[in-house]
Amino acid sequence: MKQQDYLLTKYLPGNYTDSFTETITDKPYISVQELFNLIFLQYPKWVLSLLKLRDMIVKPFGLKTNKSFEDMVIEQNNNEMILGSKDKHLTFYVSLYCSDMKNRTQSVRITTLVKYENILGKIYFAIIWLFHKTIVHYLLKHAVKKWDEQSWQK
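Here's what I pulled together on the structure shown here. Not measured: the values here are computed from a predicted model.

Its location among the elements puts Ser-19 in strand β1 (residues 16–25). Residue classification places Ser-19 among the partly exposed positions, given a relative accessible area of 39%. Spatially, the C-alpha atom of Ser-19 lies 9.5 Å from that of Val-94, the residues being 75 residues apart in sequence. For Ser-19, the contacting residues outside a window of four places in its chain are Arg-109, Ile-110 and Thr-111. Polar side-chain contacts of Ser-19 include one of 2.8 Å to the side chain of Thr-111.

Along β1, the buried face is formed by Tyr-16, Asp-18, Phe-20, Glu-22 and Ile-24; none of Thr-17, Ser-19, Thr-21, Thr-23 and Thr-25, which line the opposite face, is buried. Across 10 bridges, β1 lies against strand β5 (residues 105–116) in antiparallel orientation. What sits directly across from Glu-22, in β5, is Val-108.

Cut-offs applied
Within every chain, residues take consecutive numbers counted from 1 along the sequence as written. It should be noted that, the model being predicted, local features are given only for residues of pLDDT at least 70 and side-chain atom pairs only at 80 or more, the latter also being counted only at that level, while totals for whole chains, interfaces and linings use all residues. Values shown for side chains rest on all heavy atoms present in the structure; no hydrogens or waters enter the calculation. In this text, helices come from DSSP runs of H or I with a minimum length of four residues, and strands from runs of E with a minimum of two, each type numbered from the N-terminal end. For the exposure calls, accessible area comes from a 1.4 Å probe over protein chains only, and a residue counts as buried if that area is under 20% of its type's maximum, exposed if over 50%, partly exposed in between. Here, residues are in contact when the closest pair of their heavy atoms is within 4.5 Å. By the criterion applied in these results, polar contacts are pairs of N or O atoms within 3.5 Å in which, for protein atoms, one can donate a hydrogen and the other can accept it, and in which residues neighboring in sequence qualify only through two side-chain atoms. For two strands to be treated as a pair, DSSP must find at least two bridges joining them.

This is the structure in structure tokens:
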């Protein structure tokens, strides 16, 4: 896929972007829907606890809370899924990307794009930035590990 073929390019530019990639070798192909399920529907309980804590903290500031990840899906194709949400302080998009299988190897990637709508969005993201990076990277690694384990059991 050429860069202009990525769905995420429609949502550029952003004020902040990060991206994490993992490689899967000698395992069955993982689809973008399967990656979504492993990251956003089968995450560890400690992540759910952190999300609930975040919701309690930000609710008084008018940020949207309790929205399911399934409700955030904006669009997808065979290789990529875009999730996103906008509130009065910031807009974010998440791209899940699964490459085609090549030489029994596949790359999977999660990219976050954030647009600040005002100074409160910038402050909020500055506060959660380190947690965001750590958790998102962990969730991708965790998903790949679970995929490896599920593939082995088949």
